[in-house]
Amino acid sequence: MSGGQMTSLADQLPALQVALPLAGAALCALIDRRYVCWAISTLVSFAMPVIAVSLLLQVLHGGPVSYAFGGWEPPYGIEYRIDVVNGFLLVLISVMGAIIMPYARASVAAEIPENKQAWFYCMYQLCLAGLLGMAITGDAFNAFVFMEVSSLSMYVLIAMGSDRRALVAAYQYLILGTIGATMYVIGVGLLFAMTGTLNFVDMAERIVAVEQTRSVMAALAFITVGMCLKLALFPLHVWLPNAYTGAPSVATAFIASTATKVAVYLLLRYYFSIYGAKFVFGDLPVTPILLVLSLAAMFAASTVAIFQDNVKRMLAYSSVAQIGYITLGIALATPIGLTGGIVHLFNHALMKGALFLALGCVALRIGNCRIDTMAGIGRRMPLTMGAFVVAGLSLIGVPGTVGFVSKWYLALASIENGWWWLAFLIVASSLLAVVYIGRVIEIAWFRAPTGATAEATEAPLSMLIPTWLLAAACIAFGLDAELTAGVAARAADALFAGLVQ
Amino acid sequence: MRLDVVLRVVTKLLLPFMVVFGFYVQFHGEISPGGGFQAGVIIGAAVILYAIMFGLDRAMRVLSVSVVEKMISLGVLLYLGTGFVGMLKGGEFLNYSVLEHDPIGGQHLGITLIELGVLVTVAGTMIAIFYAFAGRGR
Amino acid sequence: MSEYLSEVVDHYNQWITIFLMVAGLYVVVARGNMVKKLVGLSIFQTSVYLLYISPGKILGGTPPILADDFAVYSNPLPHVLILTAIVVGVATLALGLGLVVRINEAYGTVEEDEIFDKGGSE
């Protein structure tokens, strides 16, 4: 119990990272006026990247940052611990949240009933707070609490979609998501019983003694299944297509960029920092399991995406495939492979964010995202579809875009392991992406505008600028990957070094 | 004479005891099972019992939907406000010891305010959920 | 024979936890009615509460209040964790039921196969 030695704002940043969106959400619920709530939400989301970037800089220069909540020293109290991995993730989540907010003003006004718009912003900020909290916390049960805060607000965000199928999608996601979270809690319970602590650092030290017991291995299994439900790994992805399709455009763009990534981070934290890579990938058959499931995700989901009539649904299946790439990077269990996985977390968020934002612009003008009604829209809305094309090329993995950077690292890691067939499969699955992106580009640009698309005009500037920011980032970070891949490499090294020095 | 006279009379007799018991659970949370969430549910249950017995309209005249929705956010803001005050006085977020001149008094004040915030939010949430379900299809 | 019996009887709390866990998951998977699925989910979450609390009770331990005569205390931390988990469970159940009410108004039914036939999910 300390009397309080923190005097500067820089010391309080970890707490502000989570407390500000929570306060913003409570204010939005109190003030029921939609444009005031949008303003509060935008202010808060703009403050988030500032805090996250300064935290990441602090970590890159000075090592992990620790913040003891309530003055209680860890492991007795809850600790917020930021190192390179979750600093990177915090920057990603806050930047995506900030870019989407100016876009949201026009999009939300068009897609969501007037009396619910203030509550949309409240739920958005709750989701932001939950995701940031899940990334920043150093306590196992605190991660569950924030996981459920973000998940419950996500269910509400999805259910606000205009179609009645959004309700069924939200319900399905609720059932599966809650099962996943409860599996995580079971795993944490077993770990708590065996090690006696909930703090990550303390757990990493104490688990060494009990690592070979059945309870601890069962805990790993429960946590893996729980987190794989949340990150939508291949057979557990069933909730994702319906959820992404039914949700409003802003919600889809935000959730697609951030939700599954934080679940991947938590899995990484348990695999590398707490259990240790040697135990998880050496003694247990995690590598073949994740490898098979990732390959299944990459191929099966991409193939299903080709046959979809709704472009949002197509991109949702594409997301399942891209998550396969991320878990492939984890399964390779080498520093380069893990770098590829972590940098693909960031890159996929940029690509999918740009794609879903572009689709939101299209939905604003023509009312839906079905591929047959989008004939010729490229000629009527060239800037919007231009961003779509750029992000789509990035998804395929054209050199010079971010998608190429991640696949390069993954292929390099597979060749380093001696698995030439894996590098070949990575390239082959990219060809599937060519087919479904090519379908959209062909219908959008090479057909004459008909029906609804004939009167469509370009999207408003408030929506175009965020879309093009993300699309331009796809190219910028693809040409010069020093920033993203460099930090990802440092994160991978930090994970392999582990918490037990 | 209406058939539910017994229920109505017993409810009217029970309601004040329910509310007092709720506050008892709230303030004794430090030394016996209890605290904000349990007390909020008990007080919410008291209002819900009143709404079930005497009709949703009369309950809404006592606590309207907008009041209940404001209660939810005010409780959260009280909780966060206590945390921010702790931060402004030089401690970490939610550090109670710095709220007053001595740590023990500070802890006492901090926990009381936090639990009050939880009580208001949880009671408001329970009543709001009931209003939302019972008010549909009217 | 008696060792197996003692194994069951000594760990009866763990057996009850496992039974509730599996029963809850079975209801979620096997029942097509949306309300019943939520009930199964609730049972599944309840088993987790038992998983945390029952090992927390130390035989011969008192409530964790400092007193001179007593040295062995039951662990209070699982209770705090489970309070949080109960609140999360209540919120999830309330949200799920709210969604079911809206789905009922939109589709006229809460049976999953009927909703599937009406084009609810693909």
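Residues numbered from 1 in each chain as written. Chains lettered and ligands numbered in written order. Predicted model: local features only at pLDDT ≥ 70, side-chain atom pairs only at ≥ 80, totals over all residues.

K.L.:
Whenever I open this one, the overall build of chain B confuses me. Can you help?
P.N.:
Looking only at helices and strands, chain B features five helices and zero strands. The secondary structure elements of chain B, listed N-terminal to C-terminal, are α-α-α-α-α. Relative to a compact globule of 138 residues, whose C-alpha radius of gyration would be 14 Å, chain B shows 18 Å and is clearly more extended. Seen along its three principal axes, the alpha-carbon backbone of chain B occupies a region of about 65 × 30 × 20 Å. When burial is assessed residue by residue, chain B has 40% of its 138 residues classed as buried. Pairs at least 24 residues apart make up 62% of the contacts formed inside chain B by residues separated by at least 6 positions. (Helix = DSSP H or I, 4+ residues; strand = E, 2+ residues; numbered from the N terminus. Rg over C-alpha atoms; globule rule 2.2 N^0.38 Å. Buried ≥ 20, exposed ≤ 12 C-beta atoms within 10 Å, placed from the backbone. Contact = placed C-beta atoms within 7 Å.)

K.L.:
I keep staring at the overall build of chain C and nothing clicks. Help me out?
P.N.:
Across its full length, chain C holds five helices and zero strands. Listing each helix as α and each strand as β along chain C from the N terminus yields α-α-α-α-α. Relative to a compact globule of 122 residues, whose C-alpha radius of gyration would be 14 Å, chain C shows 20 Å and is clearly more extended. Projected onto its principal axes, the C-alpha coordinates of chain C cover approximately 65 × 45 × 15 Å.

K.L.:
Quick question: what am I supposed to make of the interface of chain C and chain A here?
P.N.:
Many analyses report the size of an interface as the accessible area lost when the parts associate. Contact residues are listed per partner, giving 27 residues for chain C and 24 residues for chain A. Counting only elements with at least two residues in the side of chain C that touches chain A, the list comes to α3 (34-53) and α4 (77-107) of chain C. No other element matches α4(C), which puts 14 residues into the side of chain C that touches chain A. Residues belonging to the side of chain C that touches chain A are distributed by class as follows: 19 nonpolar, six polar and two charged. (Nonpolar A, V, L, I, M, F, W, Y, C, P; charged D, E, K, R; others polar.)

K.L.:
What is the right way to look at the packing of helix α16 (residues 382-396) of chain A against helix α18 (residues 420-445) of chain A in this model?
P.N.:
Think of two packed helices as two axes; the pair is described by the angle between the axes and how far apart they sit. All names here are of chain A. Put simply, α16 and α18 touch, their axes get as near as 9 Å, and they point 165 degrees apart. If you check the angle between α16 and α18, you find them roughly antiparallel. Like other packed secondary-structure pairs, α16 and α18 cross with a definite hand, here left-handed. Counting all contacts with α16, which are made through Met385, Val389, Gly392, Leu395 and Ile396, the residues of α18 involved are Ser430, Ala433, Val434, Ile437, Ile441, Ala444 and Trp445. Among the residues making up the contact of α16 with α18, the classes are represented as 10 nonpolar, two polar and no charged. (Axes fitted to C-alpha atoms, helices over the stretch in contact; angles between N-to-C directions. Parallel < 35°, antiparallel > 145°, perpendicular 65-115°, else oblique. Left-handed = near helix turned anticlockwise from the far one by under 90°.)

K.L.:
When you look at the environment of B:Met87 in this model, what are you seeing that I'm missing?
P.N.:
By the element assignment, B:Met87 lies in helix α4 (residues 65-88). In this structure, the C-alpha to C-alpha distance between B:Met87 and B:Gly29, residues 58 residues apart in sequence, is 25 Å. Ignoring sequence-local partners within four residues, the contact set of B:Met87 consists of A:Gln12, A:Ala15, B:Glu92 and B:Phe93.

K.L.:
Please clarify how helix α2 (residues 36-54) of chain B should be interpreted in this entry.
P.N.:
Working note: α-helix, 3.6 residues per turn, so residues spaced by three or four point in the same direction. A rise of 1.5 Å per residue sets the reference length of α2(B), with its 19 residues, at 27 Å; its end C-alpha atoms lie 27 Å apart and thus fit the reference within 8%. Along α2(B), the positions that sit buried rather than exposed are B:Gly36, B:Phe37, B:Ala39, B:Gly40, B:Val41, B:Ile42, B:Ile43, B:Gly44, B:Ala46, B:Val47 and B:Ala51. On its buried side, α2(B) packs onto α1 (5-27), α3 (56-62) and α5 (103-134) of chain B together with α4 of chain C. Just beyond α2(B), the residue with positive phi is B:Gly55, at close to 100 degrees. (Expected span 1.5 Å × (residues − 1).)

K.L.:
Would you mind going over the confidence of the model for chain C with me for this structure?
P.N.:
Interpretation of this model should avoid reading the predicted coordinates in detail wherever pLDDT is low. Residues and elements named next belong to chain C. When the pLDDT values of chain C are averaged, the result is 90; 98% of them are 70 or greater. Looking over chain C, one finds the lowest element-wise mean pLDDT in helix α1 (residues 2-10), namely 84, and the highest in α3, namely 95. The ipTM for the predicted assembly is 0.94, set against a pTM of 0.94. (pLDDT = per-residue confidence, 0-100.)

K.L.:
I tried to follow α16(A) on my own but got confused; where do I start?
P.N.:
Residue and element names in this part refer to chain A. If you check α16, its first and last C-alpha atoms are 21 Å apart, about what 15 residues at 1.5 Å a residue would give, namely 21 Å. α16 sits mainly inside the fold: 11 of its 15 residues count as buried. Looking only at α16, the buried set comprises Thr384, Met385, Ala387, Phe388, Val390, Ala391, Gly392, Leu393, Ser394, Leu395 and Ile396. Buried residues belonging to α16 abut α13 (311-332), α14 (335-366), α15 (377-380), α17 (402-417), α18 and α20 (461-479). Count one or two residues on from α16 and you reach Gly397, which has phi positive near 105 degrees.

K.L.:
For this particular structure, what's the right way to read unusual backbone geometry?
P.N.:
Residues other than glycine predominantly adopt negative phi, and peptide bonds predominantly adopt the trans conformation. Residue and element names in this part refer to chain A. Look at the link from Pro74 to Pro75: it is a cis peptide, with omega at 0 degrees. In this structure, Pro75 sits in the loop between β1 (65-68) and β2 (79-82). One non-glycine residue, Ala333, lies in positive phi territory at about 55 degrees. Tracing the chain through its elements places Ala333 in the loop between α13 and α14.

K.L.:
Where do I start with the environment of A:Leu290 in this structure?
P.N.:
Residues and elements named next belong to chain A. Turning to its location among the elements, Leu290 is positioned in helix α12 (residues 286-306). The exposure class of Leu290 is buried, given the 24 C-beta atoms found within 10 Å. What Leu290 contacts, discounting residues up to four positions off in sequence, is Thr327, Ile330 and Ala331.

K.L.:
So what exactly am I meant to see when it comes to the packing of α12(A) against α13(A) here?
P.N.:
Residue and element names in this part refer to chain A. Where α12 meets α13, the closest approach of the two axes is 8 Å, and the angle between their N-to-C directions is 160 degrees. As the angle between them shows, α12 and α13 are arranged roughly antiparallel. Taken as a pair, α12 and α13 cross one another with a handedness that is left-handed. Note on element contacts: α13 touches α12 through Met314, Tyr317, Ser318, Val320, Ala321, Ile323, Gly324, Tyr325, Thr327, Leu328, Ile330 and Ala331, opposite Thr287, Leu290, Leu291, Leu293, Ser294, Ala297, Met298, Ala301, Ser302, Val304 and Ala305.

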